[in-house]
Amino acid sequence: PKLDLHSRTGTNADTLQRAILDNLFYIQGRFPDVATPHDWYQAVAYTVRDRQLHRWVKTAQTYKKQKSRSVCYLSAEFLIGPMLGSNLVNLGIEDEVREALSALGQDLDVLLEQEPEPGLGNGGLGRLAACYMDSLATLEIPAIGYGIRYEFGIFHQRIENGWQKEISDQWLHLGNPWEVPRPLLTFRVNLGGHTEHYTDDHGNHRVRWEPERVVLGVAHDTPIIGYGVNNTNLLRLWKAEAEQSFDFEAFNTGDYYAAVEEKVKSETISKVLYPNDEAISGKTLRLEQQYFFVSCSLRDMIRIHLQQEPDLSNFHEKFAAQLNDTHPAIAVAELMRLLVDEHHMDWNPAWSVASRTFSYTNHTLLPEALETWSLPLLQQVLPRHVEIIYEINMRFMDQVRVLTHDVCGAVTRLSIIEEGEPKRVRMANLACVGSHAINGVAALHTELLKKTTLNDFHNLWPEKFLNVTNGVTPRRFLLLSNPKQSKLISDRIGEGWITDLEKLRGLEAHLDDAGFREDWRRVKRENKEALAKLLKERTYVDVDPQSLFSVQAKRIHEYKRQHLHLLYVVTLYNRIINNPNLSMAPRVHILGGKAAPGYAMAKLFIKLAHAVGEMVNRDQMVGDRLKLVFFPNFNVKNAQRIYPAADLSEQISTAGFEASGTGNMKFSMNGALTIGTLDGANVEIREVVGDENFFLFGMTAEEVVHLKTNGYHPRHYYDGNAELRAAMDLIASGYFSHGEADVFKPLIDNLLEHDPFMVLADYEAYCHAQSQVDDLWAQPDLWTRKSILNVARIGKFSSDRAIREYCEKIWKVQPTPVD
Ligand code: 26Q
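Residues numbered from 1 in each chain as written. Predicted model: local features only at pLDDT ≥ 70, side-chain atom pairs only at ≥ 80, totals over all residues.

## Remarks on the overall build of the chain
Scanning the chain from terminus to terminus reveals 33 helices and 22 strands. Since a compact globule built from 819 residues should have a radius of gyration of about 28 Å, the 27 Å found for the chain is in line with a globular shape. Projected onto its principal axes, the C-alpha coordinates of the chain cover approximately 95 × 80 × 60 Å. Taking all 819 residues of the chain together, the buried fraction comes to 50%. Long-range pairs, those at least 24 residues apart, make up 76% of the contacts in the chain between residues at least 6 apart in sequence. (Helix = DSSP H or I, 4+ residues; strand = E, 2+ residues; numbered from the N terminus. Rg over C-alpha atoms; globule rule 2.2 N^0.38 Å. Buried ≥ 20, exposed ≤ 12 C-beta atoms within 10 Å, placed from the backbone. Contact = placed C-beta atoms within 7 Å.)

## Regarding the sheet that holds strand 16 (residues 465–467)
As summarised here, the arrangement of the 9 strands in space is 5-8-9-2-1-10-11-15-16, forming an open sheet in which the pairing is mixed. Sheet topology places strand 5 (180–191) and strand 16 at the edges, where each strand pairs with a single neighbour. Here the average twist between neighbouring strands, direction ignored, is 25 degrees. Of the strand pairs in this sheet, strand 11 (residues 358–361) and strand 15 (residues 437–440) are connected by 3 bridges, and their pairing is parallel. Bridging from a neighbouring strand, Thr361 pairs with Asn439 of strand 15. (Pairing = 2+ DSSP bridges. Axes fitted to C-alpha atoms, helices over the stretch in contact; angles between N-to-C directions.)

## Section: the domain arrangement of the chain
Interfaces are often described in size by the accessible area the parts lose on coming together. According to the domain assignment, the chain contains domain 1 (1–66 + 88–114), domain 2 (68–82 + 117–392 + 430–469) and domain 3 (524–797). Computed over C-alpha atoms only, the centres of domain 1 and domain 3 are separated by 43 Å. (Domains from an automatic or database assignment.)

## Some thoughts on the UniProt feature "modified residue: N6-(pyridoxal phosphate)lysine" (unreviewed entry) in the chain
In the numbering adopted here, UniProt assigns the feature "modified residue: N6-(pyridoxal phosphate)lysine" (unreviewed entry) to Lys666. Topologically, Lys666 is positioned in helix 25 (residues 663–669). Note on Lys666: 30 C-beta atoms within 10 Å, which makes it buried. When neighbours within four sequence positions are excluded, Lys666 is seen to be in contact with Val472, Phe477 and Tyr643. (UniProt positions renumbered as here; feature names shortened; annotations may be inferred.)

## Things to note about the nonpolar core
Counting residues in hydrophobic clusters, the biggest one holds 235 residues, and the most contacted among them are Val44, Cys72, Ala331, Val332, Met336, Leu339 and Val612. Residues within four places of Leu339 in sequence aside, it is in contact with Leu312, Met345, Ala350, Val353 and Ala354. (Core = buried A, V, L, I, M, F, W, Y, C linked by C-beta atoms within 7 Å.)

## Some points on the packing of helix 22 (residues 562–578) against helix 31 (residues 759–777)
The contact between helix 22 and helix 31 brings their axes to 10 Å, and the two run at 55 degrees. What the angle tells us is that helix 22 and helix 31 run oblique. The handedness of the crossing between helix 22 and helix 31 comes out as right-handed. From helix 22, His563, Leu564, Leu567, Tyr568 and Thr571 reach across to helix 31, where they touch Val759, Asp762, Tyr763, Tyr766, Cys767 and Gln770. Class assignment of the residues belonging to the contact of helix 22 with helix 31 gives a composition of 7 nonpolar, 3 polar and 1 charged. (Parallel < 35°, antiparallel > 145°, perpendicular 65-115°, else oblique. Left-handed = near helix turned anticlockwise from the far one by under 90°. Nonpolar A, V, L, I, M, F, W, Y, C, P; charged D, E, K, R; others polar.)

## Remarks on helix 32 (residues 780–792)
If you check helix 32, its first and last C-alpha atoms are 18 Å apart, about what 13 residues at 1.5 Å a residue would give, namely 18 Å. Burial in helix 32 covers these residues: Trp783, Thr784, Ser787, Ile788, Leu789, Asn790, Val791 and Ala792. On its buried side, helix 32 packs onto helix 21 (514–539), helix 25, strand 21 (673–676), helix 26 (682–689) and helix 31. (Expected span 1.5 Å × (residues − 1).)

## A closer look at the pairing of strand 2 (residues 143–148)
In summary, the side chains of a regular strand alternate between the two faces of the sheet. Of all the 6 residues making up strand 2, 6 are buried; the element is thus mostly covered by neighbouring parts of the structure. Going residue by residue along strand 2, you find Ala143, Gly145 and Gly147 tucked away on one face and Ile144, Tyr146 and Ile148 tucked away on the opposite face as well. One ladder, built from 4 bridges, connects strand 1 (residues 70–74) with strand 2; its direction is parallel. Bridge pairing links Leu74 to Tyr146 in strand 2. Judged from the 5 bridges that link them, strand 2 and strand 9 (residues 232–242) form a sheet pairing that is parallel. Note that in strand 9 the partner of Ile148 across the bridge is Trp238.

## Brief notes about the site of the ligand
Close to the ligand lie 23 residues; Gly124, Leu125, Asp277, Ala659 and Ser660 are nearest. Residue contributions to the shell around the ligand peak at 3 residues, all from helix 6 (residues 124–138). (Near = placed C-beta within 6 Å.)

## Brief notes about the environment of Ile493
Tracing the backbone through its elements, the reader meets Ile493 in helix 20 (residues 483–493). Given 18 C-beta atoms within a 10 Å radius, Ile493 is considered partly exposed. With 16 residues separating them in the primary sequence, Ile493 and Ala509 have C-alpha atoms 9.6 Å apart. Those residues in contact with Ile493, other than ones at most four positions away along the chain, are Lys503, Gly506 and Leu507.

## Digging into the sheet that holds strand 14 (residues 424–426)
The sheet built from 3 strands is open, its strands ordered 12-14-13 with antiparallel pairing. A strand with exactly one partner marks an edge of an open sheet, and here the two such strands are strand 12 (372–374) and strand 13 (417–418). Of the strand pairs in this sheet, strand 13 and strand 14 are connected by 2 bridges, and their pairing is antiparallel. Counted as the bridge partner of Glu418 is Arg424 from strand 14.

## Considering helix 2 (residues 37–66)
Owing to its 3.6 residues per turn, the α-helix brings residues three or four apart onto one side. An ideal rise of 1.5 Å per residue puts 44 Å on 30 residues; helix 2 measures up with 43 Å between its terminal C-alpha atoms. Directly after helix 2, the chain includes Lys67, whose backbone phi takes a positive value near 50 degrees.

## Notes on the packing of helix 22 against helix 23 (residues 600–617)
Their axes nearest at 10 Å, the elements helix 22 and helix 23 cross at an angle of 15 degrees. Considering the angle they form, helix 22 stands roughly parallel to helix 23. Of the two elements, helix 22 crosses helix 23, and the hand of that crossing is left-handed. Counting all contacts with helix 22, which are made through Gln562, His563, Leu566, Val569, Val570 and Tyr573, the residues of helix 23 involved are Phe605, Leu608, Ala609, Val612 and Val616. Of the residues belonging to the contact of helix 22 with helix 23, the class tally is 9 nonpolar, 2 polar and no charged.

## What to know about the pairing of strand 21
The two faces of strand 21 match: Leu673 and Ile675 on one face and Thr674 and Gly676 on the other face are all buried. The sheet contact formed by strand 20 (residues 648–651) and strand 21 spans 4 bridges and is parallel. Considered in strand 21, the bridge of Gln651 is made with Gly676. Taken together, the 2 bridges between strand 21 and strand 22 (residues 695–696) define a ladder with parallel strand orientation. Bridge pairing in strand 22 links Gly676 to Leu696. Crossover connection from strand 21 via helix 26 to parallel strand 22: handedness right-handed. (Right-handed = clockwise from strand over helix to strand, strands pointing away.)

## Some remarks on unusual backbone geometry
Going from Glu421 to Pro422, the amide bond is cis rather than trans, its omega being 0 degrees. When you line up the elements, Pro422 lands in the loop between strand 13 and strand 14. The backbone phi angle of Lys812 is positive, close to 50 degrees, even though this residue is not glycine. Relative to the assigned elements, Lys812 resides in the segment after helix 33 (799–811). According to the C-beta neighbour criterion, Lys812 is exposed, with 11 such atoms within 10 Å.

## Considerations on the environment of Val229
Residue position: Val229 is located in the loop between strand 8 (213–225) and strand 9. Residue Val229 is classed as partly exposed on the basis of its C-beta count, with 18 C-beta atoms lying within 10 Å. For the pair Val229 and Leu91, spaced 138 residues apart in sequence, the C-alpha to C-alpha distance is 8.0 Å. Beyond its immediate sequence surroundings of up to four residues, Val229 is in contact with Thr138 and Glu140.

See the structure below:
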């Protein structure tokens, strides 16, 4: 019989059913009678993967033939989240797979729950990288995401007695059907040791790096499929392995443990994601992680390049490498090392290639959050890179002295080396010097970067600076996570919005259609019912889906001001206590987010949220007027169930501190109104949705700076506002902590004595804005109109728009469609 090549990759329900059964049998070694839901999940996942790989092969062939320029997105984090749902959506086979499964007696929704989430990131920065991978593929841009295959991703958060407990994340435990290990694609990465300078036979000065140890980086590929296109790009993550599984000499002399030790030490490098979303200092392992994945990635790019070109002189024409923050910034020195030491290029042409290859995205304004490494530590791990960084800096300093005449000490601030004991290497300076473009992640953030954090660099090279406001993928965060709202939208304006989010504007034409507004309310109501059910399962708290759902879900940080939110909840509680018959808009306040394990104040916020919730939720006098719930273990999977159910999105950071925020976009896209400060992308969200559709409060970034420089006295606000005083006093009294006044003392004292993020200064304005929320909530139809308008006007915040801007303004790459 003739072999049907497509039988393995066909996408009608019958073929899919056959394939699922085959995979259940031949991969899982199971048959339907004994298969667990997880077995079925794996069988479906492999079925989907076959169809992805089919497209991936076609994609690789096309890119190779067309010799397209590729984007390489270098990021220490890719918070991709569960893959099955989004792959089905992007392949457009969700209905067919659902049908195939139901013929097999299986429910796709149950199987989707089986997938462990790849939590290879902390929060915004890692999730941004994942959204950008989705958009790159959808826009048919050749791209590779390069990162680390952490064996343990971000920890799982469990709550014990109100406190966060970290549980290790074993996402690979039952196998990972989405990745293809490439054991043959392995690089040896040097670490430690010393350098030797010598002259070769032709009289050239050469450098040899004699490492102390060598670690292997093994490629693991996860195909990333675009929506509605054939393009399938690669997420290539590196796993660290030992050079040899045994040190035979040690083994033979009987020292078995010494023999295994090296292996363990090597594999440690990709063992675990650092759960901090701020720079930490002094951690050798973190530096090794960064260098490890950067070195493998650059050498992989060089390998690919040399398959097509005779030499590396036009490397920058074939690759655009984006540095996602400074975490991969050592790439600047590493590419110079590879070009000069290993490929014998002269310094100047090598520098020209490197600086035309790299561009750098900054995600933070806080000078103290900028990454620096102590020189002795760097010397210990990367001796050759210290020499190269000194060479780069010397040439740069010469240039700077001429250009700036050292006005106001600009030279010391621009230097890559920070003087002090010990000296430190400023990774942001290295990234700026080695890149041709530098961007912030929201308009305000970029302006502040230019004026403050990177001001000296902006004075030096104004043309290098530009803004690319962040975006999020509407495939995962609307189409997949909110099928009901998506259907409602598509029924009205067609499906074009999925890849052209500005088309949502078409919804404005339906604003005056009362039936549409009613449908809109019903969908939100159903989404809230689903979340209420989930909340009950996870927290045992009953909430009424009729209430206003006000949500703050993001990493826990003082600058994000979860405590401002909690002070407001306590204020509402006090109002009810003082006036038991108070008539008010019933509210459910939902908080969620992980705290870095070493961040004591953030962990205390979580405890406070639980403590207040416990008292408020069971107080008969309060009834259904007020609930406070902490949703445990906020991750991508949970996020997808939270955004669609929010009425109000809390974006209340101190102005000037949140670089962009991306949760703000996801909430709006799902029909929530925002209560927020003029910070990060909030500014632009308010601009596009209209200020009458946004609850603004609080000081501007300028006012924050002004108040700080003129002396901020939080106690003044405490003394001046009776409700604020009552809320803080109630917490300080031990009312929420079984009479133990000490528990929350650090939090209250900090607010009264320092309040670094000016919570007290913004409290009154925040309460006032919340009252305006209540007023609008009392007019449901008006609320619905504003909700629809938020969605209709949110198109700008698609990651497709952001990626288009990167392609045009920075990467200069064009689409390469795949047939
Ligand atoms: C650095 C060195 C050592 C250890 C950890 C780190 C580290 C890791 C993660 C430092 C920072 C991060 C993450 C930062 C982050 O998520 N920033 C957020 O980026 C989003 C995407 O641009 C923005 O929307 C947020 O405003 C910003 O806070």
